[in-house]
Amino acid sequence: MARFRLRTNLKSPSRRLWLGFVLCLAIGTWLAVGVAQTTLYRWVDESGAVHYTDQVPPGQVKQGHTKLSPEGIPTETVPPTPTEQEIELAREQERQKAEEARRIAQQKADDQRLVKLYRSIDDLVLAREGKVAAIEALSQVQRDGIRVQQERLLTLHQQLKDLERTAKPIPDELKREIDRAGTLIRNSYAAIIDQEFQKTAIRREFDTIMARFSRLKKLPEPPATSPDPAGELVLGNLVSCQRSEQCSALWDRALAYVRTQANTKDEILGAGLLIAFQTDEREHRRLTLAWIQQSVGQPVRLYLDLQCKNRLTGSLVCIDQAAIAHRDGFRAAVMQPPPSPP
């Protein structure tokens, strides 16, 4: 290490003044160099107080801090350490962003397929009606099966009446066959109602597709064809209920309504099933009322069906408009509360 010695005559005033100047200059230079080498930090504690120190206390590191230059200019900012809640929120935001990106990509791909598959709104209408027709074909199969079971039920009830008229015992097998036929009829009506829901869902889906297609092609948006955009199946011959006491009251009203439309005394009444009859010079008609509940806790549906047969041609198409109006007015009549007693 080099050593330096300063020799001077301190007795001379001029020399003493010069030495003082040199010492002050040296001390100032040393202080400036020391300050220049010191790093300052700005940090805020939990109570919001601002601090300036040459180091951040260990307990405050997670609060974040700002490194300052000797001139007090910020040179680096360290943000606070995120909490577990903030980390989880950031992850959820990233997940939502990724999900939105996937949704946008999927929508773009769907739009490309849509304009490639269909050339016009008419093409979409044809596609919709084709799907609806396929469901209606299945419903017709169910209706054909109902006619078969009704004929069987009529035969079984005739056997039952013959036995009751002659006071003979009724075989358990006959009772089981009657119950089985009634169950098959009600199950077939349940399937028909499900198919009505499917048809409504198809129409609602195509309403959405057509609206999207029109926007992509810059066409006027077509009117909606779904009768129940909220998802509720509304048919004139269908009543839905949930509570047992309400359903029982509606069932009694439904029985009375059907019986007022029948013009013969003959009827078949079983568990959750009534078949009444109308006849005139043109056609025979059957009014079938069914109580349908697919499982406990599911809604109860009361369904009124009208079946016709022309007496001359054998056609199954109903031509009596009054009978059709009675069928389609079933829901409004049954849901209307009874008049209050005077």
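Quick look at the structure, then. Note that this is a predicted model, so its numbers are computed, not measured.

This next bit is on the state of the cysteines. This structure, assessed with the given rule, holds two disulfides. Between the sulfur atoms of Cys-241 and its disulfide partner Cys-247 the distance amounts to 2.1 Å. Measuring the twist about the S-S bond at about 130°, one finds the Cys-241-Cys-247 disulfide to be right-handed. For the pair formed by Cys-241 and Cys-247, the shared burial category is buried. Each bonded cysteine of the protein gets a number by its place in the sequence, and the pairs then read 1-2, 3-4.

Take the packing of aromatic side chains next. Each aromatic ring pair is specified by the distance between its two centres and by the angle formed by the two planes. This structure, assessed with the given rule, holds three aromatic pairs. Ring plane angle 45° and centroid distance 5.3 Å describe the contact between Tyr-189 and Tyr-303, whose orientation is recorded as tilted. One end of the pair, Tyr-189, is in helix α4 (residues 172-217); the other, Tyr-303, is in strand β9 (residues 300-310), and 114 residues separate them in sequence. For the pair Tyr-189 and Tyr-303, one class covers both residues: buried. Geometrically, the ring pair formed by Trp-251 and Trp-291 is edge-to-face, given 5.8 Å between the ring centres and 80° between the ring planes. One end of the pair, Trp-251, is in helix α5 (residues 244-261); the other, Trp-291, is in strand β8 (residues 283-292), and 40 residues separate them in sequence. Here Trp-251 falls in the buried class, since its relative accessible area comes to 12%.

Turning to the sheet that holds strand β6 (residues 267-270), a few remarks are in order. Taken in spatial order, the five strands of this open sheet run β5-β9-β8-β7-β6, and their pairing is antiparallel. Single-partner strands in this sheet number two, and they are β5 (238-241) and β6. Going across the sheet, the axis of each strand differs from the next one's by a mean of 15°, ignoring polarity. Inspection of the sheet shows strand β7 (residues 273-279) paired to β8 by seven bridges, in the antiparallel sense. Bridge pairing links Ala-276 to Leu-287 in β8. Along the sheet, helix α3 (residues 121-165) makes contact with β6, β7, β8 and β9, crossing β9 at roughly 85°.

The next point concerns the pattern of salt bridges. Following the criterion strictly, the structure yields 25 salt bridges and no others. A salt bridge links Arg-119 to Asp-123; the nearest nitrogen and oxygen atoms lie 3.4 Å apart. The exposure class of Arg-119 is exposed, given its relative accessible area of 72%. Its salt-bridge partner being Glu-177, residue Arg-152 comes within 2.2 Å of it at the nearest N-O pair. Within this pair, whereas Arg-152 is found in helix α3, its partner Glu-177 is found in helix α4, the two being separated by 25 residues in sequence. Salt bridges linked by common partners bring Glu-136, Glu-196 and Lys-199 together as one network.

Once that is clear, we can look at empty space enclosed by the protein. Applying the stated rule across the entire model yields one cavity of 30 Å³ or more. The calculated volume of the largest cavity comes to roughly 40 Å³. Looking at the largest cavity, the residues that line it are Ile-292, Gln-293, Gln-294, Gln-298, Pro-299 and Arg-301. Across the lining of the largest cavity, the residue classes break down as two nonpolar, three polar and one charged.

Overall, antiparallel pairing links the four strands, which are arranged β2-β1-β3-β4 in an open sheet. The open sheet is flanked by β2 (50-53) and β4 (74-78), the only strands paired with a single partner. Strand-to-strand twist across the sheet, computed as the mean angle between neighbouring axes with direction ignored, equals 20°. For strand β1 (residues 40-44) and strand β3 (residues 65-68), the ladder comprises three bridges, and the chain directions are antiparallel.

Parameters and conventions
Residues numbered from 1 in each chain as written. Predicted model: local features only at pLDDT ≥ 70, side-chain atom pairs only at ≥ 80, totals over all residues. Heavy atoms only, no water. Disulfide = S-S within 2.5 Å. Buried < 20%, exposed > 50% of the residue type's maximum accessible area, 1.4 Å probe, protein only. Phe/Tyr/Trp six-rings, centres within 6.5 Å; stacked < 30°, edge-to-face > 60°. Helix = DSSP H or I, 4+ residues; strand = E, 2+ residues; numbered from the N terminus. Pairing = 2+ DSSP bridges. Axes fitted to C-alpha atoms, helices over the stretch in contact; angles between N-to-C directions. Contact = heavy atoms within 4.5 Å. Salt bridge = Lys/Arg side-chain N within 4 Å of Asp/Glu carboxyl O. 1 Å grid on protein atoms, 1.4 Å probe; cavity = no way out; pocket = protein on both sides within 12 Å on 5 of 7 lines; lining within 4 Å. Points joined across faces, edges and corners; volume = space filled by probe spheres on them. Nonpolar A, V, L, I, M, F, W, Y, C, P; charged D, E, K, R; others polar.

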